[in-house]
Amino acid sequence: MRLSILDQSPIAEGATAAAALSNSVDLARAGERLGYHRYWAAEHHASPALAGAAPEILLAAAGAATHSIRLGSGGIMLPHYSPLKVAETFSTLSGLYPGRIDLGLGRAPGSDQRTAFALQRDRRTQSPNDFPNQLAELLGYLEDDLPPGHAFANLSRTLPGLPETPEVWLLGSSPDSAAWAAETGLPYCFADFINSDGAEIAAQYQRAFRPGVRAAKPYTMAALWTVCAETDAEAERLALSSRMMLAHLLTGVLIPVPSPEKASTWLAANPNAAQRRGRRMIVGSPATVRAGIEAAAAEYGADEAMLVNIVHDHAARVRSYELVAEAFADRRLAA
């Protein structure tokens, strides 16, 4: 089973967003050194906690700092953008870093509704919910198979990175995303860290998958919240930061990543705020985390696990990925 990294570019309290972006490039380098298969950058907007508003730019920086690890978006929130612009952007990345670029697509806003509206070019009315049409147009550009009479059919031959193209993925945490991935014959990444009840959704994708020019069989990746440290107790301490963040998020409040000490004090004073319904956290020592990853991957019938975490200290975050790599040392992470 392959292991990969999903990076949300967390902003630690007391640090800057610019430092978070620098840390993300450092994490991509570390992931390559440790043998992870992919490094994906997430998209979030107007957040004091997460700096990844422009994953395509972060991926360009990560590409310049690495040599072999696959680089991708986890994901590009397609409803915000023109399909042609996304095709051009990821064609450019593919031309710069041949054979290494993944285009993971999502339909969530990656923000609140006000920010989503601010991202629109035309604000006279709310953008339509036409993700399947956007996806079809985007694939048409990348695969040069728009119908001959389509008004934009010739544009696919002007993509700047040709003949290189990205590998397209669908991301999600609901049955709709699984159905679209199966129908279009795309690999599918399920966000277990958002909804841990996704095993049946992944199974539906696998059963309904339509083999075609994109893939002969389904490919499933589970994105798992994973914090690893030398001991279970230390991992639980590090995870307090994200527990406090989520408790605030559930009330509509966004905060930078607090220190474990601050989070411990706050959670002790708010014992009911730490509940995480529908969200799995794999937290512990290397042995504990390996067992948790393997169990979750088995639930999903996953070919690959993508690990995401938010901790206050960047060195501890890198160390978490190091310890997981060591825990799986008897099997190649990117095999």
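Keep in mind it's a predicted model, so treat the numbers as computed, not measured.

A. Inspection of the overall build of the chain at higher detail. Scanning the chain from terminus to terminus reveals eleven helices and nine strands. The C-alpha atoms of the chain give 19 Å as radius of gyration, which agrees with the globular expectation for 335 residues (20 Å, within 12%). Summarising its shape, the C-alpha atoms of the chain cover approximately 65 × 50 × 40 Å along the three principal directions. Counting only contacts in the chain whose residues sit at least 6 apart along the sequence, the fraction spanning at least 24 positions is 73%. In the form shown here, the chain has an accessible surface area of approximately 14,400 Å², with 55% of it arising from carbon and sulfur atoms. Looking at charge distribution, the chain has the averaged site of its 29 positive side-chain charges lying 1 Å from that of its 35 negative ones.

B. Examining the side chain of Ser-241 more closely. Looking at the element boundaries, Ser-241 is found in helix α8 (residues 232-249). At 2.7 Å, the side chain of Ser-241 forms a polar contact with the backbone oxygen of Pro-258. Discounting chain neighbours no more than four positions away, the residues touching Ser-241 are Val-257, Pro-258, Ser-259, Pro-260, Ala-263 and His-312.

C. Quick look at the nonpolar core. If you look at the biggest cluster of nonpolar residues, it comprises 67 residues, and the most contacted ones within it are Tyr-36, Tyr-39, Leu-105, Leu-170, Ile-293 and Val-324. The next biggest cluster of nonpolar side chains, apart from the first, holds 32 residues, and it includes Trp-169, Val-227, Val-257 and Leu-267.

D. Quick peek at the layout of surface pockets. In this structure, the second largest pocket encloses a volume near 580 Å³. For the second largest pocket, the lining is made up of 22 residues, of which Pro-79, His-80, Gln-120, Ser-127 and Pro-128 are closest to its centre. If you list the elements that add at least two residues to the lining of the second largest pocket, you get α4 (113-119) and α5 (131-143). Counting residues per element, the lining of the second largest pocket draws most heavily on α4, at three residues.

E. Seen up close, unusual backbone geometry. Here the bond from Gly-74 into Gly-75 is cis, since omega is 0°, no more than 30 degrees from zero. In this structure, Gly-75 sits in strand β3 (residues 70-77). Of note in this structure, Ala-46 is not a glycine but carries a positive phi near 50°. Residue placement: Ala-46 occurs in the loop between β2 (38-41) and α2 (55-65). With a relative accessible area of 55%, Ala-46 lands in the exposed category. You will see that Asp-144, though not glycine, has its phi angle at about 50°, which is positive. Locating Asp-144 in the fold gives a position in the loop between α5 and β5 (167-172).

F. Focus on the pairing of β2. Every second residue of β2 is oriented toward a common face, with Arg-38 and Trp-40 on one face and Tyr-39 and Ala-41 on the other, all of them buried. The sheet contact formed by strand β1 (residues 2-7) and β2 spans three bridges and is parallel. Its bridge partner being in β2, Ile-5 is matched across the sheet by Tyr-39. As for the winding sense of the linkage, the β-α-β connection from β1 through helix α1 (residues 17-34) to β2 is right-handed. Looking at chain direction, β2 and β3 are connected through four bridges and run parallel. For Trp-40, the partnering residue across the bridge sits in β3 and is Gly-72.

G. Spotlight on α5. Taking 1.5 Å of rise per residue, 13 residues should cover 18 Å, and α5 covers 18 Å from first to last C-alpha, within 8% of that figure. Those residues of α5 hidden inside the fold are in contact with α3 (83-96), β4 (101-106), β5 and α6 (175-184). A positive phi of about 50° marks Asp-144, the residue just after α5.

H. Highlighting the pattern of salt bridges. As enumerated under the stated definition, the model contains 22 salt bridges in all. Of the charged contacts in the structure, one is a salt bridge between Arg-319 and Glu-326, with a shortest N-O distance of 3.5 Å. By relative accessible area, Arg-319 is classed as partly exposed at 28%. Each of the salt bridges in this network shares a partner with another, and the network as a whole consists of Arg-33, Glu-230, Arg-319, Glu-322 and Glu-326.

The rules behind the values
- Residues numbered from 1 in each chain as written.
- Predicted model: local features only at pLDDT ≥ 70, side-chain atom pairs only at ≥ 80, totals over all residues.
- Heavy atoms only, no water.
- Helix = DSSP H or I, 4+ residues; strand = E, 2+ residues; numbered from the N terminus.
- Rg over C-alpha atoms; globule rule 2.2 N^0.38 Å.
- Contact = heavy atoms within 4.5 Å.
- Areas by Shrake-Rupley, 256 points an atom, 1.4 Å probe, with all protein chains shown as cover.
- Lys, Arg positive; Asp, Glu negative; His and termini not counted.
- Charge placed at Lys NZ, Arg CZ, Asp CG, Glu CD.
- Polar contact = N/O pair within 3.5 Å; in protein donor to acceptor, adjacent residues only side chain to side chain.
- Core = buried A, V, L, I, M, F, W, Y, C linked by side-chain atoms within 4.5 Å.
- Buried < 20%, exposed > 50% of the residue type's maximum accessible area, 1.4 Å probe, protein only.
- 1 Å grid on protein atoms, 1.4 Å probe; cavity = no way out; pocket = protein on both sides within 12 Å on 5 of 7 lines; lining within 4 Å.
- Points joined across faces, edges and corners; volume = space filled by probe spheres on them.
- Pairing = 2+ DSSP bridges.
- Right-handed = clockwise from strand over helix to strand, strands pointing away.
- Expected span 1.5 Å × (residues − 1).
- Salt bridge = Lys/Arg side-chain N within 4 Å of Asp/Glu carboxyl O.

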